[in-house]
Amino acid sequence: MEIFLQQIINGLVQGSVYALVALGYTMVYGILGLINFAHGEVVMIGAMLAISSLTALLGIGVPPLLALPLSAGFAMLGCMALGYGIERIAYRPLRHAPRLAPLITAIGVSIVLQNLAMMVWGREYHSFPQLIANSPHSIGGAIINDIQIIIFILALAIMAGLMLLVHRTRLGRAMRAVAENQHAAQLMGVDINRVISVTFMLGSALAAVAGMMVSANYGLAHYYMGFLLGLKAFTAAVLGGIGNLRGAMLGGLLLGLIESLGAGYIGDLSGGVFGSNYQDVFAFFVLIAVLVFRPSGLLGERIAERA
Amino acid sequence: MSFHSARSLLFAAIVLALAGCEKPATPSQNTPGELTVRIGASAPLTGPQAHIGKDNESGTRMAIDDANARGIFIGGRRIHFELISEDDQADPKTATIVAQKLVDNQVSGVIGHLNSGTTIPASRIYSDNGIVQISPSATATAYTAQGFKTAFRVMANDAQQGRVLGEYATRNLGAKKIAVIDDRTGYGQGLADEFIKAAQANGAQIVAHEYTNDKAYDFTAVLTAVKGKQPDLLFYAGMDPQAGPMAKQLKSLALKLKFMMGDGGYTPQFIKLAGDAAEGSYASLPGVPLNKMPGGKEFETRFVARYQPIQLYAPYCYDAVNVMIAAMQKADSVEPANYLAALAGISHDGVTAKIQFDEKGDLKGGAITLYQVQQGKWQPLETLGAAAAAAP
């Protein structure tokens, strides 16, 4: 029983990171109908910026509890600038091009960012300074540590904040309007370019937070880390119904749980025929199953609510 | 300047910057009368294991630069060795493409590949084209068991290493219930199988055999499953990018057991990634500790001065190049067909071991040293295996 509970906790923590990254995919898709495959690399750059700034801040003697939010802010600002730049350079010139063109530039941007990161930060793994005590708490025999609690709560808070932003503010209304009909929104006086830029910047800020969470939780960052994470988060977005904010959150948490429970139990359930090496396969199996049986995703009424 | 050309200029600049970043800055001092001999090398230079791959490339490059500085004469002509380094991405498919590329470049020999999973498929291509291949680090038994005359390695194989590890885990560490995780690569799979064989032969019970892959960093699900089986030792067969976070997650999931790895975990990077969770972990490395070898300390000093701290296999790459050149000198030829026999019968004092090959191309009597992380550093515990007594 405590093993089961532990797998649920593992899944929820992992899933909340997927959800944050998935939100970035889904926001861009909702507004532009574009899958921003470079989003995973933005997560990676966020993690790298956080680690670099954190190391620098700690180096000049800033107290850890101040350095942590400062470097988070730095990573978010850096990624927002990056998100803005990606949209401006790689996607805006192609906004009215056939749909395949921006998809290919997205993959191109992803490769460029990966190689740039390799040049700037090198090929080695960077370790995340251990600032939060790794003290385990026991819940019914299952172990959860402070970092994981912070990740889970922070992710939920950010998602709640995003929902408020989209549904309660002027900017959110503009985003929803652009998502529904760009031309109509433009005629009503919405500055489309600005809304799209802001969407990219918001998604990238979330990616920076997610990147920082991943590297704090696993204690590492590497120029290659964004690739698989990006694919998983994309799967989560599709699972929940791409273009749908609540769907991305649900999809992320579900995917985390599916992976964790799947990897934990498949060996015993299949009598050793399948093993935990299929952990990553679950995500993509889910992707195929969703695309075949419910292409619009779990919460996928795309027209009803996109942002 | 029009907007369009400005943009294409920018693109060209980016492409040039990306293409230029990997060009080695070795000046070609090819004076007349000199013969240029190409030596191929391949390791993952991108991807999760890029830091180990770069380490291999540096070790190889240093040996080649040393040979060029020494001035080697073969067949009456001064030889200028040229390194052709290719990235195989630790991917078996890419490795075969790289192998073909090296063959097409008419290399006289190949130092590589790093992983067993890439070395094995590539070895067929080298063998078909009669090109000598010395792997500095592939340990899977399958590599030299294919009957290829061109395949050599300067490292103990998994049968030797897995046996030593399995025996050490059971006899010295007293493990009774053992869990094994492997990364499903040619290396991890082979090492895990040999380890399990040896552990079971010594009366231990394998309570779980789980799997991951060489790009993963989240093992919480697998480790939680392992925890349910209550083992007293966990053996991980794979490389440090996985071993580091795995050790960390072991600690945060409060699994109290001994953590053991093969040579893939014996790196400073492992300690960096695992943090204080690295303390007490075990790993093995074929050969005797570097500072106990005659030229080992000197090699390390020079290597660190020129590149960065040794990650893992750089000394083995250095030896692989030198043993290849020694065979060329002995045969007085740079043609693989001519120096192959000399290589098979060679006896060379390397920085990692005295290198002699058996009939399969494996290292003869490879010693294996066990290490443990103590106070944040890898410390040698003891050297086991056939050559332990003979080591200086």
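Quantities reported herein were computed from a predicted structural model and do not represent experimental measurements.

The next thing to look at is the overall build of chain A. For chain A, the count of helices and strands is eleven helices and four strands. For a compact globule of 307 residues, the expected C-alpha radius of gyration is about 19 Å, and chain A comes in at 19 Å, within 12% of that figure. Each principal axis of the C-alpha atoms in chain A carries an extent, and together these give about 60 × 55 × 35 Å. Each of the 307 residues in chain A was classed as buried or not, and the buried ones make up 54%.

Helix and strand content of chain B: twelve helices and 15 strands. Buried positions account for 57% of the 392 residues belonging to chain B. The long-range share in chain B, meaning contacts at least 24 apart out of those at least 6 apart in sequence, stands at 69%.

Now for the pairing of strand β8 (residues 205-211) of chain B. In the sheet, strand β7 (residues 177-182) of chain B pairs with β8 of chain B via six bridges, with the strands oriented parallel. In the strand pairing of β8 of chain B, D182 of chain B is matched with Y211 of chain B.

Next up on the list: the sheet that holds strand β6 (residues 151-153) of chain B. All names here are of chain B. With mixed pairing, the six strands of this open sheet are ordered in space as β2-β3-β1-β4-β5-β6. Two strands bound the open sheet, and with one partner strand each, they are β2 (72-74) and β6. Along the sheet, successive strands turn relative to each other by an average axial angle of 35°, direction set aside. Alignment of β2 against strand β3 (residues 77-87), held across three bridges, turns out to be antiparallel. In the sheet register, F73 faces β3, and the bridge partner there is R78.

What follows covers the pairing of strand β14 (residues 368-374) of chain B. Residues and elements named next belong to chain B. Among the seven residues in β14, five count as buried, and that is most of the element. Across five bridges, the pairing between strand β11 (residues 282-286) and β14 is antiparallel. Bridge pairing in β14 links L285 to T369. Examined bridge by bridge, β14 and strand β15 (residues 377-384) share seven bridges and lie antiparallel to one another. Bridge pairing in β15 links L370 to E382. Counting the residues in the hairpin turn of β14 and β15 gives two residues, including Q375, whose phi is positive at 50°.

This part covers the packing of helix α11 (residues 314-331) of chain B against helix α12 (residues 336-344) of chain B. Two measures define how a pair of helices packs: the angle their axes make with one another and the distance between the axes. Residues and elements named next belong to chain B. In contact at an axis separation of 8 Å, α11 and α12 are set at 110° when each is read in the N-to-C sense. Taken together, the axis directions place α11 and α12 in an arrangement best described as roughly perpendicular. Regarding α11 and α12, the two cross each other, and that crossing is right-handed. Together, M324, A327, M328, K330 and A331 of α11 and N338, Y339, A342 and L343 of α12 make up the contact between the two elements. Taken together, the residues of the contact of α11 with α12 break down into seven nonpolar, one polar and one charged.

This brings us to the interface of chain A and chain B. On the chain B side, the residues contacting the 34 residues of chain A number 36 residues. Counting residues per element, the ones that place at least two in the side of chain A that touches chain B are α1 (2-32), α4 (100-121), β3 (142-145), α10 (245-269) and α11 (279-293) of chain A. Partitioning the side of chain A that touches chain B into residue classes produces twelve nonpolar, 18 polar and four charged.

All names here are of chain B. Partitioning chain B into domains gives domain 1 (30-156 + 292-361) and domain 2 (159-286 + 369-390). Placing a centre on the C-alpha atoms of domain 1 and another on those of domain 2 gives a separation of 28 Å. Taken together, the 18 residues of domain 1 in the interface contact 19 residues of domain 2. The set of elements that each furnish at least two residues to the side of domain 1 that touches domain 2 consists of α2 (50-70) and α4 (116-128). When its residues are assigned to classes, the side of domain 1 that touches domain 2 shows ten nonpolar, eight polar and no charged.

Here the focus is unusual backbone geometry. All names here are of chain B. A cis amide bond links G112 to the next residue, H113, at an omega of 0°. Summarising the element assignment, H113 is placed in the loop between β4 (109-112) and α4. You will see that Q106, though not glycine, has its phi angle at about 55°, which is positive. Along the chain, Q106 falls in the loop between α3 (92-104) and β4. Although it is not a glycine, Q230 adopts a positive phi angle of roughly 50°. In this structure, Q230 sits in the loop between α7 (220-227) and β9 (233-237).

The next thing to look at is α3 of chain B. Here α3 of chain B contains 13 residues, and its C-alpha end-to-end distance of 19 Å stays within 8% of the 18 Å for a straight helix at 1.5 Å per residue. Positive backbone phi, at 55°, marks Q106 of chain B, one or two positions downstream of α3 of chain B.

Bringing the packing of α1 of chain A against helix α9 (residues 225-240) of chain A into the picture now. All names here are of chain A. Direction vectors running N to C along α1 and α9 enclose 75°, while the axes themselves pass 8 Å from each other. The orientation of α1 with respect to α9, classified from their angle, is roughly perpendicular. Residues Y18, A19, V21, A22, Y25 and T26 of α1 touch α9, and the partners they reach there are L229, G230, K232, A233, F234, A236 and A237. Of the residues that constitute the contact of α1 with α9, the class distribution is ten nonpolar, two polar and one charged.

Adjacent strands of a sheet form backbone hydrogen bonds with each other and so pair up, either parallel or antiparallel. All names here are of chain B. Across the sheet, seven strands lie side by side as β8-β7-β9-β10-β11-β14-β15; this open sheet has mixed pairing. Strand pairing shows two members of the sheet lacking a second neighbour, β8 and β15, which therefore form its edges. On average, each strand axis in the sheet is inclined to that of its neighbour by 25°, with strand direction left out of account.

We now examine the environment of N338 of chain B. Residues and elements named next belong to chain B. As for its placement among the helices and strands, N338 is situated in helix α12. N338 gets classed as partly exposed once you count the C-beta atoms within 10 Å, which come to 14. Between the C-alpha atom of N338 and that of G280, which follows or precedes it by 58 residues, the distance is 49 Å. Aside from chain neighbours lying at most four places away, what touches N338 is A331 and S333.

Further remarks concern the confidence of the model for chain A. This prediction gives chain A a mean pLDDT of 90; 97% of its residues lie at or above 70. Confidence drops under pLDDT 50 across residues 302-307 of chain A; counting only partners more than four residues distant or on other chains, this segment forms 18 contacts.

This brings us to the environment of K256 of chain B. Tracing the sequence through the fold places K256 of chain B in the loop between α8 (240-252) and β10 (258-261). Taking the C-alpha atoms as reference points, K256 of chain B and A199 of chain B, 57 residues apart in sequence, are found 20 Å from one another.

Okay, α11 of chain A next. With 15 residues, α11 of chain A should reach 21 Å at 1.5 Å per residue; the first-to-last C-alpha distance of 22 Å fits that figure. Inspection of α11 of chain A places Q279, F282, A283, V286 and V290 of chain A among the buried residues, and these make up the whole buried set. For α11 of chain A, the angular spread of the buried residues around the axis is 100°, confining them to a single face. Structural note: α11 of chain A exposes F284, I288 and V292 of chain A on the side pointing more than 90 degrees away from its buried face. Packing partners of the buried residues in α11 of chain A comprise α9 and α10 of chain A together with α7 of chain B.

Here the focus is the environment of V132 of chain B. Residue and element names in this part refer to chain B. Relative to the elements of secondary structure, V132 occurs in strand β5 (residues 132-135). As a C-alpha pair, V132 and G109 span 23 residues in sequence and 4.8 Å in three-dimensional space. Residues in contact with V132, not counting those within four places in the same chain, are G109, T150, M324, P336, L340 and L343.

Calculation criteria
Residues numbered from 1 in each chain as written. Chains lettered and ligands numbered in written order. Predicted model: local features only at pLDDT ≥ 70, side-chain atom pairs only at ≥ 80, totals over all residues. Helix = DSSP H or I, 4+ residues; strand = E, 2+ residues; numbered from the N terminus. Rg over C-alpha atoms; globule rule 2.2 N^0.38 Å. Buried ≥ 20, exposed ≤ 12 C-beta atoms within 10 Å, placed from the backbone. Contact = placed C-beta atoms within 7 Å. Pairing = 2+ DSSP bridges. Axes fitted to C-alpha atoms, helices over the stretch in contact; angles between N-to-C directions. Parallel < 35°, antiparallel > 145°, perpendicular 65-115°, else oblique. Left-handed = near helix turned anticlockwise from the far one by under 90°. Nonpolar A, V, L, I, M, F, W, Y, C, P; charged D, E, K, R; others polar. Domains from an automatic or database assignment. Expected span 1.5 Å × (residues − 1). pLDDT = per-residue confidence, 0-100. Arc of directions from axis to C-beta.

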